[in-house]
Amino acid sequence: MEGSSIGIDQGSICTTMEEAKDLALRRLGNFPEGIIVEEFVSGPEVFVSLAFDKGGSFRWGCSERIVGEESSFLIKPCLRL
């Protein structure tokens, strides 16, 4: 279920740990089976997938997510002091 982003909206963004804790506790009311909380990391979104067979052999692949024509969608400018 991780890749589905069920319940994510503009109200899902938190800037402090206290906000994140409060929001997570509220969202558990709608998703009692559990939620995933992720820290935003600026940069390209990439995926690495592994598929194993019963014998332990595996295949793997990777990809990068690009939203529409916006290759910099997940790259936010930052201020360095």
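Residues numbered from 1 in each chain as written. Predicted model: local features only at pLDDT ≥ 70, side-chain atom pairs only at ≥ 80, totals over all residues. Heavy atoms only, no water.

1. What about the overall build of the protein chain?
Now for step 1: Secondary structure assignment for the protein chain yields one helix and two strands.
Now for step 2: Of the regular secondary structure in the protein chain, the N- to C-terminal order runs α-β-β.
Now for step 3: The proportion of buried residues among the 81 residues of the protein chain is 5%.
Now for step 4: Across the protein chain, the fraction of contacts at a sequence separation of at least 24, relative to all contacts at a separation of at least 6, is 29%. (Helix = DSSP H or I, 4+ residues; strand = E, 2+ residues; numbered from the N terminus. Buried < 20%, exposed > 50% of the residue type's maximum accessible area, 1.4 Å probe, protein only. Contact = heavy atoms within 4.5 Å.)

2. Some remarks on the packing of aromatic side chains
Now for step 1: Taken as a whole, this structure holds one aromatic pair when the rule is applied.
Now for step 2: Between Phe-52 and Phe-58, the ring centres sit 5.3 Å apart and the planes meet at 40 degrees, which makes this aromatic pair tilted.
Now for step 3: With relative accessibility at 45%, the residue Phe-58 sits in the partly exposed group. (Phe/Tyr/Trp six-rings, centres within 6.5 Å; stacked < 30°, edge-to-face > 60°.)

3. Observations concerning the environment of Ala-24
Now for step 1: Residue placement: Ala-24 occurs in helix α1 (residues 17-27).
Now for step 2: Look at Ala-24 and you get buried, because its relative accessible area is 17%.

4. As for the pairing of strand β1 (residues 45-52)
Now for step 1: Of all eight residues that make up β1, zero are buried, and the element is exposed over most of its length.
Now for step 2: The turn joining β1 and strand β2 (residues 58-65), which pair antiparallel and follow one another in sequence, is formed by five residues; a positive phi near 95 degrees is taken by Gly-56. (Pairing = 2+ DSSP bridges.)

5. With respect to the side chain of Arg-27
Now for step 1: Within the secondary structure, Arg-27 is located in helix α1.
Now for step 2: Not counting chain neighbours up to four residues away, the residues in contact with Arg-27 comprise Gly-7, Asp-9, Gly-11, Ser-12 and Ile-35.

6. Quick notes on the pairing of β2
Now for step 1: Of the strand pairs in this sheet, β1 and β2 are connected by eight bridges, and their pairing is antiparallel. Following the sheet pairing, Glu-45 is matched in β2 by Arg-65.

7. A word on the confidence of the model for the protein chain
Now for step 1: Scored by pLDDT, the protein chain has a mean of 78; 78% of the residues are at 70 or more.
Now for step 2: The least confident element of the protein chain, judged by mean pLDDT, is β1 at 86; the most confident is α1 at 90. (pLDDT = per-residue confidence, 0-100.)

8. Let's talk about α1
Now for step 1: What α1 keeps buried is the set Leu-23, Ala-24 and Arg-27. The buried residues of α1 all sit within an arc of 100 degrees when viewed along its axis, so they share a single face. Those residues of α1 that are exposed and angled more than 90 degrees off the buried face are Leu-25 and Arg-26. (Arc of directions from axis to C-beta.)

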